[in-house]
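Chain and residue survey
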Amino acid sequence: MNHIKIGLSYDTLLIPPPKIVPSILSADLRKLGEEVREAERAGADMLHFDIMDGHFVPNISFGPMIIKALRSESSIPFIAHLMVERPEDFVDPVIDAGGDLIIFHIEACSYPFRLISSLRKRNVNVGVALNPTTPLSAVRYVMKYVDMILLMTVEPGFGGQTLIPEMIDKIRKLRDLMAKNGLRKDIAVDGGVDFMNASSIIRAGANVLIAGTSIFSQNNIEEAVKKLKKIALEIYHDLCGSGHNNL
Ligand code: DX5
Ligand code: ZN
């Protein structure tokens, strides 16, 4: 078991190991199967699907059909990031299509406890996402009941944006909040993750790097996944080994 000390206010806490999660929004849709297989070969831990409805975010992407089409191409877990209003309406089709971890936005859901329990009944993992300006207090009471908290580090809706620097502090605050409550959950970061900022993201206490452009815009997808994973693992082992980080 790896104990990691974070900040000065807490003794030790546990952070799950890093995971690299390519977001297929930035993949080449003409050869999606191929790119997904390449990412998986390189050691991607999960795949991320942004489902957008044109209402919750000002963009439309794809729906459960893409999840279904790719399910037979890959054996790693699929994350469905529901960037939609009324997420409860999309849950069944997304799970039926092959989604393994369903993430809904707290801003779009009036009854999160109800949604979480209906997702649990369907035997899937559950995550909750927060837009950049949504305070952490919004998930304070549901945190315990989900597997992953996803912090949007750009305004949601489009790939290829730059990470908002203030979000590093938000990651740190969330990890601290979890530690205070004795929780060891995945913290995912989504938006503008790249080779330059990956280490500060991991150092701040996140462990799931969701990356679209920085992986799929490269000529060699395999190399990009491996590079991101190497950075994340190095920092993680450094934190575990030293027993503290450089906050
Ligand atoms: C953005 C989506 C992200 C997107 C990230 O609204 O939620 O998953 O694919 O793309 P990059 O890594 O290009 O910022
Ligand atoms: Zn996403």
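Bear in mind that the values here come from a model prediction, so they are computed numbers and not experimental data.

**Some words on the side chain of R175**
Within the fold, R175 resides in helix α5 (residues 167-180). For the buried R175, no salt bridge exists, and the shortest N-O distance to an oppositely charged side chain is 6.1 Å, to D186. Only 3.0 Å separates the side chain of R175 from the backbone oxygen of K185, close enough to count as a polar contact.

**Section: the confidence of the model for the chain**
On average, residues of the chain score 93 in pLDDT, and 92% of them reach the 70 mark or higher. This stretch, residues 1-12, has a pLDDT under 50; its non-local contacts, to residues over four places away or in other chains, come to 39 contacts.

**A few points about the layout of surface pockets**
In this model, the largest pocket occupies a volume close to 300 Å³. Together, 26 residues line the largest pocket, and G159, G160, G191, G192 and G212 are the ones closest to its centre. When residues of the lining of the largest pocket are traced back to their parent elements, those giving at least two are β2 (47-52), β3 (78-83), β8 (208-211) and α7 (213-216). Class assignment for the residues of the lining of the largest pocket results in ten nonpolar, twelve polar and four charged.

**Observations regarding unusual backbone geometry**
Look at R86: it is not a glycine, yet its phi comes out positive at around 50°. Structurally, R86 is set in the loop between β3 and α3 (91-97). Residues other than glycine seldom take positive phi values, yet N123 does so here, at roughly 65°. Relative to the helices and strands, N123 resides in the loop between α4 (112-121) and β5 (125-130). Among the residues examined, N123 registers a relative accessible area of 71% and is labelled exposed.

**Regarding the coordination of the zinc ion (ligand 2)**
Ligation of the zinc ion (ligand 2) by protein atoms is provided by H48 (NE2), D50 (OD), H81 (ND1) and D190 (OD), these donors lying 2.0 to 2.3 Å from the ion. Taken together, the six donor atoms coordinating the zinc ion (ligand 2) and their angles of 71 to 171° define a geometry best described as octahedral. By relative accessible area, which is 8% here, D190 ends up buried.

**Concerning the pattern of salt bridges**
Evaluation of the coordinates by the stated rule reveals 16 salt bridges. Put simply, R71 and D100 hold a salt bridge, and the shortest N to O gap is 2.8 Å. Of this pair, R71 sits in helix α2 (residues 64-71) while D100 sits in the loop between α3 and β4 (101-105), placing them 29 residues apart in sequence. Assessed through its relative accessible area of 30%, D100 is described here as partly exposed. We note a salt bridge from D169 to K173, for which the minimum N-O separation is 2.5 Å.

**A look at a nonpolar patch on the surface**
Among the surface-exposed residues, F113, Y141 and Y145 lie close enough to one another that they form a single nonpolar patch of about 370 Å² accessible area. Within the fold, Y141 resides in the loop between β5 and β6 (148-152).

**Here we look at the side chain of E38**
Along the chain, E38 turns up in helix α1 (residues 32-41). Comment: no salt bridge for buried E38; closest opposite-charge side chain is R41, at 4.8 Å. Those residues in contact with E38 that sit more than four places away from it in its chain are N220, I221 and E222.

Rules of the game
- Residues numbered from 1 in each chain as written.
- Chains lettered and ligands numbered in written order.
- Predicted model: local features only at pLDDT ≥ 70, side-chain atom pairs only at ≥ 80, totals over all residues.
- Heavy atoms only, no water.
- Helix = DSSP H or I, 4+ residues; strand = E, 2+ residues; numbered from the N terminus.
- Buried < 20%, exposed > 50% of the residue type's maximum accessible area, 1.4 Å probe, protein only.
- Lys, Arg positive; Asp, Glu negative; His and termini not counted.
- Salt bridge = Lys/Arg side-chain N within 4 Å of Asp/Glu carboxyl O.
- Polar contact = N/O pair within 3.5 Å; in protein donor to acceptor, adjacent residues only side chain to side chain.
- pLDDT = per-residue confidence, 0-100.
- Contact = heavy atoms within 4.5 Å.
- 1 Å grid on protein atoms, 1.4 Å probe; cavity = no way out; pocket = protein on both sides within 12 Å on 5 of 7 lines; lining within 4 Å.
- Points joined across faces, edges and corners; volume = space filled by probe spheres on them.
- Nonpolar A, V, L, I, M, F, W, Y, C, P; charged D, E, K, R; others polar.
- Donors = N, O, S within 2.8 Å, 3.2 Å for Na, K, Ca; no water.
- Tetrahedral: all angles 85-135°; square planar, octahedral: opposite > 155°, others 65-115°.
- Patch = residues over 30% accessible without salt bridge, like charges linked within 9 Å, V, L, I, M, F, W, Y side chains within 5 Å.
- Areas by Shrake-Rupley, 256 points an atom, 1.4 Å probe, with all protein chains shown as cover.

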